[in-house]
Amino acid sequence: QVQLVQSAGGLVQAGGSLRLSCVASGRALSNYTMAWFRQGPLKDRDFVAAIDWSGERTFYTDALRDRFAISRDNAKNTVYLQMTSLKSEDTAVYYCAADPSKAYIYTTPPNYDYWGQGTQVTVSS
């Protein structure tokens, strides 16, 4: 079983950038497809981006692919989400998630077995 611990988020001005990280322990990160989701106030938990176990394949929700980038460093057991040109509508709690399936990149929360604690990101306009 893997445990996921996320970095702190924070308050960012619109147009700014922020990088989130998620560190795995208990099992090697290379055993998992990793993803980021986010959940705004009174909203569902939405898919943001995912990356396969090797880092060779990435997948994004269309609306964010030009501003967000997911990456991973298996040697450091860490996955990252680089966010740029942030907007007020990016304000949400961000979650990293792990899926032991290596065959397919899923975009829905039920397919992910392990979750980080969540990180609040607030973008001020």
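Coordinates for the structure precede this section.
Before going into details, it helps to say that this report is about the structure given with it.

Criteria and thresholds
Residues numbered from 1 in each chain as written. Predicted model: local features only at pLDDT ≥ 70, side-chain atom pairs only at ≥ 80, totals over all residues. Heavy atoms only, no water. Helix = DSSP H or I, 4+ residues; strand = E, 2+ residues; numbered from the N terminus. Rg over C-alpha atoms; globule rule 2.2 N^0.38 Å. Buried < 20%, exposed > 50% of the residue type's maximum accessible area, 1.4 Å probe, protein only. Contact = heavy atoms within 4.5 Å. Areas by Shrake-Rupley, 256 points an atom, 1.4 Å probe, with all protein chains shown as cover. Disulfide = S-S within 2.5 Å. Pairing = 2+ DSSP bridges. Axes fitted to C-alpha atoms, helices over the stretch in contact; angles between N-to-C directions. Salt bridge = Lys/Arg side-chain N within 4 Å of Asp/Glu carboxyl O.

**Here's the deal with the overall build of the protein chain**
Here is step 1: Secondary structure assignment for the protein chain yields zero helices and 11 strands.
Here is step 2: A compact globule built from 125 residues should have a C-alpha radius of gyration of about 14 Å, and the protein chain, at 13 Å, falls within 12% of that.
Here is step 3: Along the first, second and third principal axes, the C-alpha set of the protein chain runs to 40 × 25 × 25 Å.
Here is step 4: The buried share of the protein chain, taken over its 125 residues, is 42%.
Here is step 5: The long-range fraction of contacts in the protein chain, counting pairs at least 24 apart against all pairs at least 6 apart in sequence, stands at 60%.
Here is step 6: Carbon and sulfur atoms make up 47% of the accessible area of the protein chain, which amounts to about 6,300 Å² in all.

**Some words on the state of the cysteines**
In a disulfide, the sulfur atoms of two cysteines are held together by a covalent bond.
Here is step 1: What the rule picks out here adds up to one disulfide.
Here is step 2: Two residues share a disulfide in this structure: Cys22 and Cys96, whose sulfurs sit 2.1 Å from each other. Between Cys22 and Cys96, the S-S torsion sits near 60°, and that sign places the bridge as right-handed. Placement of Cys22 in strand S3 (residues 18-25) and of Cys96 in strand S9 (residues 92-99) is noted, with a sequence separation of 74 residues between them.
Here is step 3: The buried category is assigned to Cys22, whose relative accessible area is 0%.
Here is step 4: For Cys96, a relative accessible area of 0% translates into the label buried.

**Side note on the sheet that holds strand S7 (residues 68-73)**
Here is step 1: Spatial ordering of the open sheet is given by S1-S3-S8-S7, a layout of four strands whose pairing is antiparallel. Whereas interior strands pair on both sides, the edge strands pair on one side only; in this sheet they are strand S1 (3-6) and S7. This sheet shows a mean twist of 20° between the axes of neighbouring strands, independent of strand direction.
Here is step 2: Pairing of S7 with strand S8 (residues 78-83) involves six bridges; the strand directions are antiparallel.

**Things to note about the pattern of salt bridges**
Here is step 1: Inspection of every chain in the model, using the stated rule, returns four salt bridges.
Here is step 2: Across the pair Arg65 and Asp62 runs a salt bridge whose closest N-O atoms are separated by 3.2 Å.
Here is step 3: Among the residues examined, Arg65 registers a relative accessible area of 39% and is labelled partly exposed.
Here is step 4: Arg67 serves as the salt-bridge partner of Asp90, at 2.8 Å between the closest nitrogen and oxygen. One end of the pair, Asp90, is in the loop between S8 and S9; the other, Arg67, is in the loop between strand S6 (58-60) and S7, and 23 residues separate them in sequence. The same class applies to Asp90 as to Arg67, namely buried.
Here is step 5: Each member of the salt-bridge network shares a partner with another, and the members are Arg38, Arg67 and Asp90.

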